Amino acid sequence: MQIATQWTMSWLIASVGLSVLGCSKEEEQPKPAPALSAAKPPPPPPPSTPPVPEKPPEPKLNPNCPSGSKGEGSLGSPCEASGTERIMDVVWGGKMDDKGPLFKVTNRTKSPILYGKVAVYFYDKSGKQLEVASLGGSSEKSKPYLTCSGNMFGGVVKPNEKFSLTFSCVKKERVPEGTKAIEAEMQMVGFADASEKSSDYYWRNNDLTPEQRKKGAK
């Protein structure tokens, strides 16, 4: 009986010891590491300063431009004038033949002129501007005036020279019905070079050729 009691006590002590060891081992287990927080994004870069645009180069001015005008003098960028500045006078004398109305042309400069661009206006007896009808079968709309351009003078027009001619773009059949007055403006000219076969530089005044123009405008 005494031996059995001792064995029981030994078993209890061993069980308690194992329980204590088990608890210690459980307590000794490392705690899980805390989850790493997400890294903060880097701050945005400072706004960049936009580059300062370079100024376009100043256009070259042609020293030969007539007084009151300035520009490169090329066909695409001629010497530009404004207001009532004129290089040539173009006047209809009231005559018209089968080719069309006859104009008196005067070169008002001291330089020979080879190229021209003319605008021709038509008016009825009351002074009302007439529209120019489109050509038969053409899809183009009526126009406020007729224009033609090129080396239209049959050669150069000498300084201060005066002569008469008809313009190829102003044929008799293009003159509107009811026309009693015709006026024209030389919107653009090209001054001849030394060979008198090519234009050296050009002049233009767009103010002379508005779409709506009063009769007798100067």
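Residue numbers restart at each chain and count upward from 1, following the sequence in its written direction. Residues qualify for local features only when their pLDDT is at least 70, as the model is predicted, and side-chain atom pairs are given and counted only at 80 or more; totals for whole chains, interfaces and linings, by contrast, use all residues. Side-chain numbers here rest on the full set of heavy atoms in the structure, without hydrogens or water.

Some points on the environment of Glu161
The condition that has to hold: Numbered from the N terminus, helices here are DSSP runs of H or I no shorter than four residues, and strands are runs of E no shorter than two. Burial here depends on accessible area, computed with a 1.4 Å probe over protein chains only, as a share of the maximum for the residue type. Under 20% is buried, over 50% is exposed, and the range in between is partly exposed. Residues are treated as being in contact if the distance between any of their heavy atoms lies within 4.5 Å. Residues adjacent in sequence count toward polar contacts only when both atoms are side-chain atoms; beyond that, a polar contact is any pair of N or O atoms within 3.5 Å, and within protein one must be able to donate a hydrogen and the other to accept it.
Take Glu161: it is sitting in the loop between strand E5 (146-150) and strand E6 (162-165). You can call Glu161 partly exposed: its relative accessible area is 27%. Placed 51 residues apart in sequence, Glu161 and Lys110 show a C-alpha to C-alpha distance of 9.6 Å. Excluding residues that lie within four positions of it along the chain, Glu161 makes contacts with Val105, Thr106, Asn107 and Val156. Reaching out from Glu161, the side chain makes a polar contact with the backbone nitrogen of Lys158 at a distance of 2.6 Å.

Digging into the packing of aromatic side chains
Aromatic ring pairs: the centre-centre distance and the angle between the two ring planes describe each pair. Filter applied, for reference: To pair, rings of Phe, Tyr and Trp, with the six-membered ring standing in for Trp, must have centres within 6.5 Å; the planes then decide the type, stacked if under 30 degrees apart, edge-to-face if over 60, and tilted in the middle.
Per the stated rule, a full pass over the model turns up 5 aromatic pairs. Centre to centre, the rings of Phe103 and Phe167 are 5.2 Å apart; their planes meet at 40°, and the pair counts as tilted. Note that Phe103 is positioned in strand E3 (residues 100-107) and Phe167 in the loop between E6 and strand E7 (181-192), a separation of 64 residues in sequence. Phe167 carries the same exposure label as Phe103, and that label is buried.

So, the confidence of the model for the chain
Put simply, the test is: pLDDT measures the predictor's confidence residue by residue and takes values from 0 up to 100.
Overall, the prediction assigns the chain a mean pLDDT of 85, with 80% of residues at 70 or greater. Residue range residues 20-25 is modelled with pLDDT below 50. Its contacts to residues more than four positions away, or to other chains, number 0 contacts.

Comments concerning the side chain of Thr106
Positionally, Thr106 belongs in strand E3. Looking at Thr106, the relative accessible area reads 17%, which means it is buried. Setting aside its immediate chain neighbours within four residues, Thr106 contacts Ile87, Met88, Asp89, Glu161 and Lys162.

Digging into unusual backbone geometry
With the exception of glycine, most residues fall at negative phi, and the peptide bonds are largely trans. Within the chain, Asn160 stands out as a residue other than glycine whose phi angle is a positive 60°. For Asn160, the position within the fold is in the loop between E5 and E6. One non-glycine residue, Glu196, adopts positive backbone phi at about 60°. Here Glu196 shows up in the loop between E7 and strand E8 (199-204). Given a relative accessible area of 32%, Glu196 falls into the partly exposed group.

Here we look at the nonpolar core
This is how it is decided: Joining through side-chain atoms within 4.5 Å is the link that ties buried Ala, Val, Leu, Ile, Met, Phe, Trp, Tyr and Cys residues into a set, and such a set is a nonpolar core.
Ranked by internal contacts, the top residues of the largest apolar core, which has 33 residues, are Met88, Phe122, Phe153 and Phe167. Put simply, the parts of the chain that give this core at least two residues each are strand E2 (88-97), E3, strand E4 (113-123), E5, E7 and E8. Residues within four places of Phe153 in sequence aside, it is in contact with Met88, Val105, Ile113, Leu114, Tyr115, Gly116, Phe163, Leu165 and Met186. Core analysis: the second largest hydrophobic core is formed by 5 residues, Tyr121, Tyr123, Tyr145 and Ala181 among them.

Some points on the pairing of E8
The cut-off we apply is this: Whether two strands pair comes down to DSSP finding at least two bridges between them.
Counting buried residues in E8 gives 5 out of 6 residues, a clear majority hidden from the surface. When strand E1 (residues 79-80) meets E8, the two strands line up parallel, connected through 2 bridges. When the bridges of E8 are listed, Cys79 appears paired with Trp203. The pairing of E7 with E8 spans 5 bridges and is classified as antiparallel.

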